[in-house]
Amino acid sequence: MTHPGEITRRELLRRIGLTAFVAGPGAGLLSACATSGAGDEPTSTPTGSIAVSADPKNPFGVDAKKPLEVTIFSGGYGDAYAKDLHEKMYEKRFPGATVKHNATQQIGTQLRPRFVSGDVPDVVNNSGPEALDLAAMAGEGQLADLTALFDAPSLDDPSKKVRDTVTPAVLDNAKIDGKDLVLNYTVSHRALWYNAKLFADKGWALPKTWAEFKALGDTAKKEGILLFAYPGQKGPYYQLWNALYTAAKIGGNQVLIDIDNLVDNAWNAEPVKQSVTAWVEIQTLYSDKAYFGLDHTQTQVKQLQNKLLFYPVGSWIENEMAKDKPKDFEYAIAPIPDVTAADKMPYGAIQVGVGENFFVSAKGKNPQGGLEYLRIMLSKEGAKGFTEKTLNLTVVNGAAEGLDLTPGLKSAAKAQDAAGQNIITDARFEGWYKELFDYGTQQINVVMAGRITPEKFCQNMQKKADAIKKDSSVVKQTRSN
Amino acid sequence: MERLRKYGFVAAFLAVPVALYSVFVISPYIQAFQISLTDWNGYKSRLHYIGLDNFTRLFGDEVFWRALRNHGILLLVLPLVTVVIALFFAFLLNLGGGTRGAGMKGIWGSRFYRVVFFFPQVLAVAVVGVLFKAVYRPDESGVINGALVKLGLDPVGWLVEPNLALWAILAVMIWQAVGFYVVLFSAGMAAIPKDYFEAAALDGAGRARLFFSITLPLLRDTIQVGWVYLGIAAFDGFALILVLAGDKGEPDGATTVLPVEIWKTAFTYSKVGYASAMGVVLFFLTVTFAVLTLRTTRRERIEL
């Protein structure tokens, strides 16, 4: 009954089956998209530096007629600060110039092909889960040198250089391969965050030592409150940070600097072990394993319901939870209690770090305009407006003066004053060696859940760090402070 | 001439799909093979060939072997369980009611059930993921754990216990797949001539006998196709695992699968060459599986 031209239903299904495995799991295609330029040798080595003009009013020699393209990551900060503020300020400075605004949550997906093909935006706010790999970008000469920006006169006071108007961490964190290529724009305060109103109501004081910390844990337990919790889903890196900052508190910032520099046995150092051991104990005695399966938002909502006291996070938490925050909840920062009697940093040390990357494209159509745009962002007006719109502080010194700060930001500022010189540094391997950082966020869950010992955690991390060190395809970075 | 006219007609219809398929499927595949021989990082404007280094490294990578182990479990369980459940339901829906008048009938309400079974197939995978995140939530707010807590039991960390996570995700994959195969097998059963069943029933065959001696052998080709589909699904699992477990094979590498590793290696770690090598290996795994399945289960066709 079959003749050659006829395709039976089953035959058809079978053919679909056959084609389906060719089209199969699309993953094979994922990586193959943009190699049109394959085989082309770059004609010249890009330098990335931009000529500086002599005019102090227009230090980069911006051509007022040239358009400027700005790409903003529209995440937690939104994009209104750029669209309604910084871009308007640019257009006001250069009447006739148009700013093309582009907001996305997929920075990498959207921009990677553009950087390969050469049609690039001038200013990029590189952030979010799909951010571009800046070390790789720097290797291709895609990032403009920001030295000219840092040496340019400040918009507010031409007698001052931009580099003298920002917090010094900006200059440390600008470096990739020894060059100033990245601008970090926001300042955040990381330690343990808690509800100050709850503590006032209960008459509880902040624990200063690990013994006091655990005593408070016992007290809270009687009221059905957990002393501490972190999200095991999506946000376990909060606890990785927390453990690393605690290690720095015990052993000094050198612990983190060694880890960042991939120094042999940096992860096996005693302070790292002590820190992880202390936190595992807290997790076991005063937390709940259900949190290993909750994400950051679910955990943060639980804190708003006063189901847990301390949450390891940064000062953005207040704005992040603003919509859900009940009236009787007041965010405040608590320093990490002393783990040992001989911690290198005294009680009160907190982490103050810079974040939110911006860069100017070296191969863009208007790199001068890009530098000028960053200079506008670093003016007091630009920075103050950012704080007003996002409730987050910027790296610009004194830019928040006169603003009515939220209780959380006030508490952070106070804690920073109290900490003085005892500021815990940031762990930069998060940006430098993402693979190591990802491995750490996975391993921290394993050790906190008690499935491996703190010693094993340190050994595993060391093994991964050694592998990264040996991997020639990973560009290495170093830091001295 | 006759032949030319016939195939010319077919070719005219195929031109557009073949062109689209070549541009969007075949050419990226070829490119993936090319990139797998380089150390391209996704940013460089030229390719630097490094021979088979990526593959040598891949075979020494423990994450790769962990992913293979997980794919192995999925490959064994997913097709088997899904096909068995789908066959059972399809039989009940189409033939389970026994003979009634002319031919076989499904059990009472079978039309309604057919729609219900197909529901999960209508939902996007991401929606299914979010849905089951709520079902599996590890505290008393979870659907399953809420019930357990009410019964006085301790909540279970479905997605956070290394021994449970993959099975919990597997259950979701099966739940979502069954509906489609019920419909597929129902279509196959509808094509079996009714007189076969009538004759067998007259001879005194019960439902079980009807199923094993008539339905199953005559559905063989359809089941084979279903098996290949499900095997391919076992090499995927990307979206569901990403939503339910995360991109790091949490917990403890229990949910590490190649598609997620490829995605992460290429776009987070900027090792596009290495990721392409994984893609190439995945391609060969999938092809080998499909060819093996079709070869080993081949046999003479039964003409209906």
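Just so it is clear, the model here is predicted, and its values are computed rather than measured. (Residues numbered from 1 in each chain as written. Chains lettered and ligands numbered in written order. Predicted model: local features only at pLDDT ≥ 70, side-chain atom pairs only at ≥ 80, totals over all residues.)

1. Regarding the overall build of chain B
Here comes step 1: Broken down by element type, chain B carries 13 helices and two strands.
Here comes step 2: Relative to its 304 residues, chain B shows a buried fraction of 40%.
Here comes step 3: By sequence separation, contacts in chain B at least 24 residues apart represent 67% of the contacts at least 6 residues apart. (Helix = DSSP H or I, 4+ residues; strand = E, 2+ residues; numbered from the N terminus. Buried ≥ 20, exposed ≤ 12 C-beta atoms within 10 Å, placed from the backbone. Contact = placed C-beta atoms within 7 Å.)

2. Quick notes on the environment of B:Trp108
Here comes step 1: Mapped onto the fold, B:Trp108 is located in the loop between β2 (104-105) and α4 (110-122).
Here comes step 2: Residue B:Trp108 is classed as exposed on the basis of its 10 C-beta neighbours within 10 Å.

3. Some remarks on the pairing of strand β2 (residues 99-104) of chain A
Residue and element names in this part refer to chain A.
Here comes step 1: For strand β1 (residues 68-73) and β2, the ladder comprises six bridges, and the chain directions are parallel. When the bridges of β2 are listed, Phe73 appears paired with Thr104.
Here comes step 2: Each parallel crossover has a hand, and the one from β1 via helix α3 (residues 80-93) to β2 is right-handed. (Pairing = 2+ DSSP bridges. Right-handed = clockwise from strand over helix to strand, strands pointing away.)

4. Some points on unusual backbone geometry
Here comes step 1: Between B:Glu250 and the following residue, B:Pro251, the backbone shows a cis peptide bond with an omega angle of -10°.
Here comes step 2: Counting through the fold element by element, B:Pro251 comes out in the loop between α11 (238-244) and α12 (258-267).
Here comes step 3: Non-glycine residue A:Asn265 carries a positive phi angle of around 60°.
Here comes step 4: Counting through the fold element by element, A:Asn265 comes out in the loop between α11 (254-260) and α12 (270-286).
Here comes step 5: In this structure A:Asn265 comes out as exposed when scored by C-beta crowding, with 12 C-beta atoms within 10 Å.
Here comes step 6: At A:Asn306, a position not held by glycine, the phi torsion is positive, near 60°.
Here comes step 7: Mapped onto the secondary structure, A:Asn306 falls in the loop between α13 (296-304) and β8 (308-314).

5. Things to note about the pairing of β1(A)
Residue and element names in this part refer to chain A.
Here comes step 1: Burial runs high along β1: six of the six residues are buried.
Here comes step 2: Residues of β1 alternate between two faces, with Leu68, Val70 and Ile72 on one and Glu69, Thr71 and Phe73 on the opposite face, all of them buried.
Here comes step 3: In the sheet, β1 pairs with strand β3 (residues 123-126) via two bridges, with the strands oriented parallel. Looking across to β3, one finds that Val70 is bridged to Val123.

6. Quick look at the packing of helix α19 (residues 434-448) of chain A against helix α20 (residues 454-470) of chain A
Residue and element names in this part refer to chain A.
Here comes step 1: Where α19 contacts α20, the two axes come as close as 10 Å, and the packing angle between them is 165°. Judged by the angle between their axes, α19 and α20 are roughly antiparallel. At the point where α19 passes α20, the crossing takes the right-handed sense. On α20, the residues that touch Glu435, Leu436, Tyr439, Gly440, Gln443 and Val447 of α19 are Pro454, Phe457, Asn460, Met461, Lys464, Ala465 and Ile468. (Axes fitted to C-alpha atoms, helices over the stretch in contact; angles between N-to-C directions. Parallel < 35°, antiparallel > 145°, perpendicular 65-115°, else oblique. Left-handed = near helix turned anticlockwise from the far one by under 90°.)

7. Structural notes on the nonpolar core
In a soluble, globular protein the nonpolar side chains are often hidden away together inside.
Here comes step 1: With 205 residues, the main nonpolar core has A:Leu183, A:Leu244, A:Leu374, B:Ala90, B:Ile169, B:Met173 and B:Val182 as its most contacted residues.
Here comes step 2: Sort the elements by how many residues they give to this core and helix α7 (residues 165-190) of chain B lands first, with 14 residues.
Here comes step 3: Residue-level mapping places this core at the junction of two domains, with at least three residues from each of domain 1 (68-187 + 353-411) and domain 2 (189-351 + 427-470) of chain A.
Here comes step 4: Among all residues touching B:Ala90, those that are not within four sequence positions of it are B:Val182, B:Phe185, B:Ser186 and B:Met189. (Core = buried A, V, L, I, M, F, W, Y, C linked by C-beta atoms within 7 Å. Domains from an automatic or database assignment.)

That is the geometry; function is a separate question.
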